[in-house]
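Listed below, chain by chain, are the residues.
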Amino acid sequence: MSLFRCPVCGGPLVREERVYRCERGHSFDIAKEGYTYLLPPNQKHSAAPGDDKGMAAARREFLSKDYYKPLLDTLCREILARAGDSPAILDTGCGEGYYTAGVYRALLGDGKTPRMAGIDISKFILRYAAKREKGAEFAVASSYRLPVADGSVDILLNCFSPLALEEFRRVLRPGGTFLYVVPAADHLWELKKVLYERPYPNEEKETPYDGFDYEAIVPVDGRIFLENQADIHALFQMTPYYWKTPKAGAERLAALDTLDCRIAFRVHIFRKKS
């Protein structure tokens, strides 16, 4: 059974070979890559919301080289420790599916039978996600209108994506786990020093959210060494800095052949109150 619900009537969706259908006759085609489109027109804020083709390709190229594997390994460990035998897991803002696929394969490797789904608002990036992992299901959808039933998710993962707390509370079962990944203070500090004359650290804070109990804040710290300009540019293009960096800073970065850079994440782990 699919984790997805019909965005029109809210009924369960059944996945067939090339289409999702609900009992009221609404149907949603499955693209050749393997994802479906569950974003109603009135929830779109542009013709092509989310990451564009260039950003999607940059994310795929960069993450496929496992530069962020320390974060993936941490997520797998924390989720495995909290997952039952057949967990329902939703990755909101899943991007090109690096973390979705990694977690799904870790669960299978541990003998579990997960139902795994990922949503993102960008159809360009979901093409990569659906190609990466055929065992999970993917849909173009908004985090603020998740096409998922109330209380149907055991574990919800959110990596650097919009914090739609009302929807997260709705879809998580009582006692379910919410993992929220954010950049730490000195994440990509050396990259920022090249781009900006006066870089500043990211804000770190511990924020309680209604309906959730804090379980832990798990640090992930390390360094990555980018050996060529192509990887440096891919990292730059997948960050928000790509859109707000002065020309001089972008030119300084483009002149580099290598970059030794810190990576630092914080995984905030919450449990939904019963």
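Cut-offs and rules
Residues numbered from 1 in each chain as written. Predicted model: local features only at pLDDT ≥ 70, side-chain atom pairs only at ≥ 80, totals over all residues. Heavy atoms only, no water. Helix = DSSP H or I, 4+ residues; strand = E, 2+ residues; numbered from the N terminus. Rg over C-alpha atoms; globule rule 2.2 N^0.38 Å. Buried < 20%, exposed > 50% of the residue type's maximum accessible area, 1.4 Å probe, protein only. Contact = heavy atoms within 4.5 Å. Arc of directions from axis to C-beta. Salt bridge = Lys/Arg side-chain N within 4 Å of Asp/Glu carboxyl O. Patch = residues over 30% accessible without salt bridge, like charges linked within 9 Å, V, L, I, M, F, W, Y side chains within 5 Å. Areas by Shrake-Rupley, 256 points an atom, 1.4 Å probe, with all protein chains shown as cover. Lys, Arg positive; Asp, Glu negative; His and termini not counted. Charge placed at Lys NZ, Arg CZ, Asp CG, Glu CD. Pairing = 2+ DSSP bridges.

## Some details on the overall build of the chain
If you tally the helices and strands in the chain, you get 9 helices and 11 strands. Computed over C-alpha atoms, the radius of gyration of the chain comes to 19 Å, within 12% of the 19 Å expected from 2.2 N^0.38 for 274 residues, which places it in the range of a compact globule. Across its three principal directions, the C-alpha atoms of the chain cover 55 × 40 × 35 Å. For the chain, the proportion of its 274 residues judged to be buried stands at 53%.

## Quick notes on the environment of I263
Structurally, the position occupied by I263 is in strand 11 (residues 259-272). Given the relative accessible area of 2%, I263 is considered buried. For I263, the residues in contact, after removing those within four places along its chain, are Y67, Y68, P70, H187, L188, V220, D221, G222, R223 and I224.

## Quick notes on helix 1 (residues 53-63)
When we look at burial in helix 1, the residues that qualify are M55, A56, A58, F62 and L63. Down the axis of helix 1, the buried side of the element spans an arc of 160 degrees, and every buried residue falls inside it. Its buried side turned inward, helix 1 meets helix 3 (98-109), helix 4 (123-132), strand 10 (212-226), helix 7 (229-237) and helix 8 (241-244).

## Some points on the pattern of salt bridges
Following the criterion strictly, the structure yields 22 salt bridges and no others. D150 serves as the salt-bridge partner of R170, at 2.7 Å between the closest nitrogen and oxygen. With R170 in helix 5 (residues 165-171) and D150 in the loop between strand 7 (137-140) and strand 8 (153-159), this residue pair connects regions lying 20 residues apart in the sequence. We classify D150 as exposed; its relative accessible area is 58%. Where salt bridges share partners, they join R77, E78, R82, E215 and R271 into one cluster.

## Points about the side chain of H268
With respect to the helices, strands and loops of the structure, H268 is situated in strand 11. Relative accessible area serves as the criterion here: at 7%, H268 is assigned to the buried category. The residues contacting H268, other than those within four sequence positions of it, are F178, L179, Y180, V182, K205, Y214, A216 and I217.

## Thoughts on a positive patch on the surface
On the surface, R15, K32, K131 and K134 cluster together into a positively charged patch. Mapped onto the fold, R15 is located in strand 1 (residues 14-15).

## Things to note about the sheet that holds strand 1
Ordered by their spatial adjacency, 3 strands build an open sheet running 1-2-3, and the pairing between neighbours is antiparallel. Edge positions in the sheet fall to strand 1 and strand 3 (27-29), since each of these pairs with one other strand and no more. Here strand 2 (residues 19-21) pairs with strand 3 via 3 bridges, running antiparallel. What sits directly across from R21, in strand 3, is S27.

Fair warning: the whole summary comes from geometry, so function is off the table for now.
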